Amino acid sequence: MTTARTRRDAAPSAPPAPPAEATTARPGARTDLLLLAVAISGISLSAPLTASIAAPALAIAFWRNAMAVGVLTPFAVLRHRAELRGIGRRALLLTVAAGILLGAHFAVWLLSLRMTSVASSTALVTTTPIWTTLLLRLRGHRPPALVWAGTVLAVLGVVILTGVDLSVSPQALAGDALALAGGLAAAGYVLLGAEVRRTVGTVAYTYVLYVTATVLLLAVCLLSGASLGGYSGGTWLKLAVLTVTAQLLGHSLINRVVKGLGPSVTSTAILLETPGATLIAALWLGQLPSPAACPALAVILAGLALVIMADRAGRRR
């Protein structure tokens, strides 16, 4: 007994293993940030493409989700069947709730564009990171001051780019309220996605999410009388491009990275959709951006940088 204890005491102690974050988190974070950049590029095509599609706004929202479901079905059913079956009851309910919020986000925001100015609708719907931070606070989390500062700064950048054109007419005010509701719905969708993605893979979560949003939007289209067919070949082609870019590469990759980056960073980065859409509209539609575009982009990036810094500092604690 004494000999064994002496040997243990005399043996040199092994150096402490480096924390998991130091060896794995940085490469993973870099990959997630790269995928997030691809996602932002994809969703930045949403507004310019939607503006060019000769179809009702609600029908566009339905078809981009329905087509995505069609593309994902073979992968989900054939290659991820066990993962789909393994989704627990709680995770399934949260995914369905996230799908309802995603469908509601599309529906109310696209409707707001018909009732208020594009500038007001865009500025108000991109309040998503503010709602995300508030919802996190209500859930008991205490976001650092840098998260609050970065969130407000990034939203301010969007306001600088789009301007604030609030009207006092009843229709415009209703449109503004719908845009705010769209931002809140998007925040809930991101938060629920971050929770579900802790235990559920990207394909299974995204598939159930899009199926739920599709069913909801189909019901809304049928109730509102929105035409779901009779389009030209060019319109169907644009719907397919919208599905591949904004839906499959955009929201699907957002669902992929929210697990690693967290809801605060992800929702704040989505604000880059606005300058991205402005640039695409300038190159494709000839709609030149305002002189405030470059300063606004700098402000948004500064706000996003603060949120990322706060998130990394929190993970190191």
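In this text, all values refer to a predicted model and were calculated from it rather than measured experimentally. Residue positions within a chain follow its written sequence, with the count starting from 1. Per-residue local features of the predicted model are confined to residues with pLDDT of at least 70, and side-chain atom pairs are confined, for both listing and counting, to 80 or more; whole-chain, interface and lining totals are unaffected and use all residues. In computing side-chain properties, one takes all heavy atoms of the structure into account and sets aside hydrogens as well as water.

Engineer: Please clarify how the packing of helix 6 (residues 89-113) against helix 11 (residues 202-224) should be interpreted in this entry.
Structural biologist: The packing of two helices is summarised by the inter-axis angle and the distance between the axes. Here an angle of 0 to 180 degrees is reported between the N-to-C directions of two axes, which are lines fitted to C-alpha atoms, with helices fitted over the stretch in contact. The way it works is that DSSP assigns letters per residue, a run of H or I at least four long becomes a helix, a run of E at least two long becomes a strand, and they are numbered from the N terminus. Packing of helix 6 against helix 11 brings their axes to within 7 Å, and their N-to-C directions diverge by 50°. On the basis of the axis angle, helix 6 is oblique to helix 11. Here the hand of the crossing between helix 6 and helix 11 comes out right-handed. The residues of helix 11 that touch helix 6, namely those facing L92, T95, V96, A98, G99, I100, L102, G103, A104, F106 and A107, are Y205, V208, L209, Y210, T212, A213, L216 and L217. Angular relationships are summarised with four words: roughly parallel below 35 degrees, roughly antiparallel beyond 145, roughly perpendicular across 65 to 115, and oblique for the angles in between. Whether a crossing is left-handed or right-handed is set by the direction in which the near helix is turned from the far one by less than a right angle, anticlockwise for left-handed and clockwise for right-handed. A contact between two residues is defined here by any heavy atoms of the two lying within 4.5 Å.

Engineer: How do you make sense of a nonpolar patch on the surface when you look at a structure like this?
Structural biologist: Side chains of V38, V244 and L249 sit close together on the surface and give an oily, nonpolar patch of about 210 Å² of accessible area. One can find V244 in helix 12 (residues 233-269). Here a patch means residues that are over 30% exposed by relative accessible area and free of salt bridges, tied together within 9 Å if like-charged and within 5 Å if nonpolar (Val, Leu, Ile, Met, Phe, Trp, Tyr). Accessibility throughout is a Shrake-Rupley quantity obtained with a 1.4 Å probe, and a residue counts as covered only by protein chains that appear here. What makes a salt bridge here is a side-chain nitrogen of Lys or Arg within 4 Å of a carboxyl oxygen of Asp or Glu, nothing more.

Engineer: Explanation requested: the pattern of salt bridges in the structure shown.
Structural biologist: Scanning the model with the defined rule gives four salt bridges in all. In this structure, the salt-bridge partner of E195 is R139, at a minimum N-O distance of 3.6 Å. Of this pair, E195 sits in helix 10 (residues 170-196) while R139 sits in the loop between helix 8 (128-138) and helix 9 (145-162), and the two are 56 residues apart along the sequence. When a residue's accessible area, from a 1.4 Å probe over protein chains only, is under 20% of the maximum for its type it is buried; when over 50% it is exposed; and in between it is partly exposed. Owing to a relative accessible area of 46%, R139 belongs among the partly exposed residues under this scheme. Via salt bridges that share partners, R90, R139, E195 and R198 belong to a single interconnected network.

Engineer: Looking at this structure, how should I read the packing of aromatic side chains?
Structural biologist: The geometry of an aromatic ring pair is captured by the separation of the ring centres together with the interplanar angle, meaning the angle of the planes. Only rings of Phe, Tyr and Trp enter the pairing, Trp through its six-membered ring, and a pair is recorded when the two centres are within 6.5 Å. The plane angle decides the type: under 30 degrees is stacked, over 60 is edge-to-face, the rest tilted. Enumeration according to the criterion identifies three aromatic pairs in this entry. The interplanar angle of 80° and the centroid separation of 5.2 Å between the aromatic rings of W63 and W236 together place this pair among those described as edge-to-face. In this pair, W63 sits in helix 4 (residues 57-79) while W236 sits in helix 12, placing the two residues 173 residues apart along the sequence. Looking at W236, the relative accessible area reads 28%, which means it is partly exposed. Note on Y231 and W236: the rings are 5.1 Å apart at their centroids and 45° apart in plane angle, and the pair reads as tilted. Through successive ring pairs, a cluster of aromatic residues spans F62, W63, Y231 and W236.

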